[in-house]
Amino acid sequence: MAHAGPELFVDGGAGTGGDGSASAPYREIATALASAPPGGTVITVRAGVYRESVEITKSGSPESPLVIRSEGAVVISGFDPVAGWKDEGGGLFSLATPKRVEDLFVGAKRQRVARFPKADEPWMKIAGVNSQELQVAEVPEASSSDVLYALVYCQAITGEKTYRVTALDSAGKTISLRVPDGAFPVRPGDALLLFNARAFVTRAGEWCCQPDGAGYRVWFRPADPGDLQRTQTRGRGAAIRISGAKHIRLEGLEVSGGSQYGIRAAGSSDIVVSRCVVFANGNAAGMGISMDDCRNVSMDSCIIFGNSLHGIGFVQGENIAVRGCEIASNDGDGIQFSGRRNLPDKPLRGVALENCCIHHHFHLGHPDNSQIFGNVRNVAYRNNLLLLGGQNAMVEECEGMQFSNNAFVGAVARHVILGHGNAHNADFVNNTFAFATFGAIGTAAKGVALTGNVFYQNTLAYESGDIAGKGNLFWTSDEKQPLLVSTIPKWTSYSTPQDFAAARGSESGSRKENPEFKNAPLHQVVGADAFFKNTTDTIHLKPEDVRHFAAGDTIEINGEGVPRKVASVAADAIGRLLPVRYPL
């Protein structure tokens, strides 16, 4: 789009001493920002990789925003190259470094921290817990000098915990952990894996980082020796940081490698992020894009994927619009909208999520495609596809929601949870809900209206007395699955909306009817004991779920896009899942 204001040019391949003109561009974006006059400038960045921290503190104006835009493929990278590998023989390489390496990439591909058991093997099952000592069936060998960690999937919290390992006893088959003060949710039956031992670095792409004198040493087994020329680790805190600025536009940029954030804005307003790709940023407490106390933010046509921990987070602020974006496969939640509980008079107010595709956020069953929490007001989800999440929308402490014309498909738990009795006044209009393990919507809320929605292979539960439904369509192919459930005053199930309307006075005009979707699956099943039993071609299920399958059926696993034939069905498993190729 056309912009007012002067224009400066940046070219990473230019010589020094440029004046920012098209014929003598600056070499760095930071130089152009420092040279930009007050009131708005267009900074055109030519194709290349820019390993710098872009700090934006100047403002534009409504008529002339400060613009950073790409001309060609522009990557603003927080990655630091990793070089100086030593050949240790047998395909293993090492590297001395003064600081601990938290992650390792070859190009933009994250490499796997070495682990036991391997990624294609079942996790260990915890047989017993004695204080901070775990009993397991097998304990691997590892050097006593290694810094080693345990990742435990805790069923009590439906999530994972990481602990430092203090001792491995192969003979006694015990693993001792260092547990901080507080709750210790690990129980017998939980799942466990170990990671970061040098002895575990046995397969291509695996690595670990261990103390070495005053510094550290990274051990890496590359898939190809040429990969050593492209190794890098996330370095700078944020690739782009906007602080206290107004009228800022970022257009057509790739942003990656920030050790905390890809893009971070705080105390700013009138920000537009358009056509940007933000990936491989963050850490255990970071995310791809973070907006803190910002107003009038528009994000459109962006791709946000593969970030740690979350994709996008808005905290406090006002008038937020996210449109036409794909948000996928981040380690935690896809997108978060939150206020601050300690500032009840300053909520996050006015959120619009429109025409987005948010998918594949179910790491260890818990993250969600979207979350709303901590004092939020006036949220609208319109025309979105939310696909394969722990929940597709987890809502707490929110007042005033509208969900219209969305498709919620595939959830480990529920599609939408209006949780803990503090999310109220929600309208659901013309949405489709398909496949969720525990039902379509958690409705423990006040002021819930459900109109013209499709509930496909899902049960709808009425969990409060302040819910009004009408004109909805219900369908399940499983005669054992109720269409509607009421939990008050006691649990009662209903096989038709007419029966429900007669008993409860809601769901007038609703009906049971097959919507006859084309190419739609019939069932979603979440695997039982997947950590302990699954193999590369067998999925273990609850016996009551196995009944849905027969030899010759076609299935898809985790939305991977690969159709597979079921070759055998046992009492608790479906097996010999053969990849199938279909013509386009």
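Here is a short report on the structure shown in this document.

Calculation rules
Residues numbered from 1 in each chain as written. Predicted model: local features only at pLDDT ≥ 70, side-chain atom pairs only at ≥ 80, totals over all residues. Heavy atoms only, no water. Helix = DSSP H or I, 4+ residues; strand = E, 2+ residues; numbered from the N terminus. Rg over C-alpha atoms; globule rule 2.2 N^0.38 Å. Buried < 20%, exposed > 50% of the residue type's maximum accessible area, 1.4 Å probe, protein only. Contact = heavy atoms within 4.5 Å. Areas by Shrake-Rupley, 256 points an atom, 1.4 Å probe, with all protein chains shown as cover. Salt bridge = Lys/Arg side-chain N within 4 Å of Asp/Glu carboxyl O. Pairing = 2+ DSSP bridges. Core = buried A, V, L, I, M, F, W, Y, C linked by side-chain atoms within 4.5 Å. Phe/Tyr/Trp six-rings, centres within 6.5 Å; stacked < 30°, edge-to-face > 60°. Lys NZ or Arg CZ within 6 Å of the ring centre and 35° of its normal. Polar contact = N/O pair within 3.5 Å; in protein donor to acceptor, adjacent residues only side chain to side chain.

Our next topic: the overall build of the protein chain. The helix and strand inventory of the protein chain stands at four helices and 57 strands. Relative to the compact-globule value of 25 Å for 584 residues, the protein chain shows a C-alpha radius of gyration of 26 Å, a close match. Looking at the protein chain as a whole, 51% of its 584 residues qualify as buried. Counting contacts in the protein chain only where the partners sit at least 6 residues apart, residues at least 24 apart contribute 57% of the total. For the protein chain, the accessible surface area stands at approximately 25200 Å², while carbon and sulfur atoms represent 50% of it.

The next point concerns the pattern of salt bridges. In total, this model carries 26 salt bridges according to the counting rule given. For Arg46, the salt bridge is made with Glu71, and the minimal N-O distance between the two is 3.5 Å. Highlighted residues: Arg46 in strand S2 (residues 42–50) and Glu71 in strand S4 (residues 66–77), separated in sequence by 25 residues. Since its relative accessible area comes to 18%, Arg46 is described here as buried. The class for Glu71 is partly exposed, based on a relative accessible area of 41%. With its nearest N and O atoms 3.8 Å apart, the salt bridge here joins Glu102 to Arg100.

Strand order across the open sheet formed by three strands is S52-S56-S55, with antiparallel pairing between neighbours. In the strand order of this sheet, the two ends are held by strand S52 (539–540) and strand S55 (568–569), each with one partner. In this structure, S55 lies alongside strand S56 (residues 573–575), joined through two bridges in antiparallel fashion. In the strand pairing of S56, Val569 is matched with Ile574.

Moving on: the nonpolar core. Residues Leu250 and Phe314 are the most contacted members of the largest nonpolar core, which totals 81 residues. Among the elements that make up this core, the one with the highest residue count is strand S27 (residues 282–300) (five residues). For Phe314, the contacting residues outside a window of four places in its chain are Met291, Val297, Met299, Ile320, Val322, Ile335, Gln336, Phe337, Ser338 and Leu348. Counting residues in each nonpolar core, the second largest holds 26 residues, with Leu92, Met124, Leu148 and Ile175 among its members.

Per the stated rule, a full pass over the model turns up 18 aromatic pairs. Ring-pair connections join several aromatic residues into one group, and the members of that group are Tyr381, Phe403, Phe408, Phe428, Phe433, Phe455 and Phe474. When the ring centre of Trp219 is taken as origin, the NZ or CZ atom of Arg198, which lies over that ring, is 3.6 Å away. It is Arg264 that lies over the ring of Tyr261; its NZ or CZ is 5.1 Å from the centre.

Okay, the side chain of Ser370 next. Relative to the helices and strands, Ser370 is located in strand S34 (residues 370–373). Residue Ser370 is classed as buried on the basis of its relative accessible area of 0%. A polar side-chain atom of Ser370 sits 3.0 Å from a polar atom in the side chain of Tyr381. Excluding residues within four positions of it along the chain, Ser370 makes contact with Ile335, Tyr381, Leu386, Gln391, Asn392, Ala393 and Met394.

Looking at the element boundaries, Asn307 is found in the loop between strand S28 (303–305) and strand S29 (308–323). In this structure the side chain of Asn307 is engaged in a polar contact, spanning 2.9 Å, whose partner is the backbone nitrogen of Asn281. If sequence neighbours within four positions are ignored, Asn307 has contacts with Val278, Phe279, Ala280, Asn281, Met287, Gly288, Asn330 and Asp331.

The subject of this paragraph is unusual backbone geometry. In this structure, the amide linkage connecting Phe116 to the following residue, Pro117, adopts the cis form with an omega of -5 degrees. Positionally, Pro117 belongs in the loop between strand S11 (115–116) and strand S12 (124–125). One non-glycine residue, Asn355, adopts positive backbone phi at about 55 degrees. Along the chain, Asn355 turns up in the loop between strand S32 (348–354) and strand S33 (357–361). The backbone of Phe435 sits at a positive phi, close to 70 degrees, despite the residue not being glycine. Assignment of secondary structure puts Phe435 in strand S42 (residues 432–436).

Okay, the pairing of S29 next. Every other side chain in a regular strand lies on the same face of the sheet, so the side chains alternate between the two faces. With 12 bridges joining them, S27 and S29 adopt parallel strand pairing. Residue Met291 lies in a different strand from S29, and its bridge partner there is Phe314. Relative to strand S31 (residues 335–338), S29 is paired through four bridges, and the arrangement is parallel. Within S31, the position partnered with Ile312 by the bridge is Ile335. Summarising the sheet, S29 and S32 pair through five bridges and their orientation is parallel. Its bridge partner lying in S32, Glu318 is registered against Arg349.

Burial of S42 is extensive: four of the five residues sit out of reach of the surface. As judged from the four bridges shared by strand S39 (residues 407–411) and S42, these two strands associate in the parallel manner. The partner of Ala407 across the bridge, within S42, is Thr432.

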